[in-house]
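Listed below, chain by chain, are the residues.
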Amino acid sequence: MSKVAVVTGGTSGIGKQTALALKAAGYTVYELSRRAQGVEGLHHLVADITREEMVDAAIGEVLRQEGHIDVVVNNAGFGISGAIEFTKTEDAKRLFDADFFGMVNVNRAVIPHMRQAGAGRIVNLSSVAAAAPIPFQAYYSAAKAAVNSYTMALANELRPYGVTVCAVQPGDIHTGFTAAREKTIDGDDVYGGRISRSVARMEHDEQTGMDPAKAGAFIAKVAMKQRVKPIYTIRFDYQFLALLTRILPYRFLNWLIGVIYGKCGICAPMAHKLCAQQTASLLSEKPGVFFDSLKRPIGMAGGAFFPGEEGMCGALNSGRGGRPPSEGPLRLGRVSFSVPASFHRRR
C-alpha cells in the first residue's frame, strides 16, 4: 500500500519541490493550495488553510480516497516586511493566520486520524529567522518562532501515540516567496532609509540563495526518516548560525543581527571581525560545545555563516572532505585560533 503525503502550499517554491521529491520516493502526494491550477503528477485540492472548514473538507477528501495519511508537510505561508511602528495590526494578524494558525488548522484535522492509526509524521516549516529575529521582518520572525515552540510541545503530546512532529528551518531560498512578500516602506524617511536598505539586503540574499529543489529534497528526507529530532536546519552554514544563536550572548547576537539587517551605521567589516573573534574565543575555550552539538566535525570550504559581502563570519576552513585539520589552528574568517591538542586526539 502506497504511503500518502499532504503538502500545503504545494504549487510553487519549496512546497512544490518537497511534493515532487516525495512523489519520486513513491508517495501518493496531495498538495493543497488556493490556486486553481495544480502541479502535473500530483493530486491537487483547492483549500485556503486559514479557513478551517476548507481544510477539514480537503483532509476528509484525502481520507475518503486513500483511507490514511502518513505524512503532512505544513509549508504554506507568506511574508510581510516593514517597521513594527508602521505595520497595521490587521496585516500582522493575516500573517499569523496563514503562517501559524493555518498550520494549526491542518494539524487539528489530521491528528485524530494519525493518533488512531498509531503512526504519522508532521513536518512544520519554520525559518532561521525564528532563532535570529530580523528587524523589519519582526512578525514573520515571531510567527516562525511560534512554529518552533508549537512543534516541540506537540511532539511531546503525540509521542505516546506513535505520531512524530518536527520543524525544518530553511535559510535564504531562491523562490517566488521574495516577490510575494508584502512590503511597506512607510516611515522609511523617519528611519533614515534603513527599512528599504534592510529589505533590499534580505531580497538580495534570497535571490542569490539556495536552489528550492535542494531544500525540497532535504524536507522530504526529513519527512521519511524513521526517527526525527524536534528541529532541523537546512544547510551547514545555517546550522552553524543556528548553533551560534544558542551560545553567543544575547546582547552580542542581537547587535550583530542589527548590524547586518538593521543598518545601524556600524561598518560591516567591524562586525565581521568581532563575530569571528567572539566565536573563535568560544571555540578555543570549549570546542566540545560546537562539535558535540553538531554531532559531526565542523568543516566547510568557502561559504558564509552570515549574509554579507564576504560572509559575516567567513567559513571554518579545515582539511579536505569537510574534516577538521589533523593539527594546527582552525581559522574563522581572517582570525586564526588554536584548538586544544585533546580535541585532535579524540578524533
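In what follows, the structure referred to is the one given above.
Attention here is on the structure that accompanies the text. (Residues numbered from 1 in each chain as written. Predicted model: local features only at pLDDT ≥ 70, side-chain atom pairs only at ≥ 80, totals over all residues. Heavy atoms only, no water.)

## Examining the pattern of salt bridges
A side chain of one charge can pair with a side chain of the opposite charge when the charged atoms of the two come close.
Okay, so step 1: This structure, assessed with the given rule, holds four salt bridges.
Okay, so step 2: Between R108 and E52 there is a salt bridge, and its shortest N-O distance comes to 3.7 Å. Linking R108 in helix α3 (residues 89-117) with E52 in helix α2 (residues 52-66), this pair joins segments that are 56 residues apart in sequence.
Okay, so step 3: Take R108: its relative accessible area is 57%, and that puts it in the exposed class.
Okay, so step 4: For D91, the salt bridge identified is with R94, shortest N-O distance 3.3 Å. (Salt bridge = Lys/Arg side-chain N within 4 Å of Asp/Glu carboxyl O. Helix = DSSP H or I, 4+ residues; strand = E, 2+ residues; numbered from the N terminus. Buried < 20%, exposed > 50% of the residue type's maximum accessible area, 1.4 Å probe, protein only.)

## Looking at the sheet that holds strand β6 (residues 120-125)
Okay, so step 1: Pairing in this open sheet of seven strands is parallel, and the strands run β3-β2-β1-β4-β6-β7-β9 from one edge to the other. This sheet does not close on itself; its edge strands, each paired only once, are β3 (43-46) and β9 (231-233). On average, adjacent strands in this sheet sit at an angle of 20 degrees to one another, irrespective of strand direction.
Okay, so step 2: Where strand β1 (residues 4-8) and strand β4 (residues 71-74) come together, three bridges link them in parallel fashion. Residue pairing for β4: V6 is matched across the bridge by V72.
Okay, so step 3: Those strands touched by helix α7 (residues 212-224) are β4, β6, β7 (163-169) and β9, and its axis lies near 150 degrees from that of β6. (Pairing = 2+ DSSP bridges. Axes fitted to C-alpha atoms, helices over the stretch in contact; angles between N-to-C directions. Contact = heavy atoms within 4.5 Å.)

## Things to note about α2
Okay, so step 1: Given a rise of 1.5 Å per residue, 15 residues ought to cover 21 Å, and the 21 Å separating the end C-alpha atoms of α2 matches this to within 8%.
Okay, so step 2: Taken as a whole, α2 has its buried residues at V55, A58, I59, G60, V62 and L63.
Okay, so step 3: Contacts made by the buried residues of α2 are with β1, β2 (28-33), β3 and α3.
Okay, so step 4: At the C-terminal side of α2, G67 shows a positive phi close to 85 degrees. (Expected span 1.5 Å × (residues − 1).)

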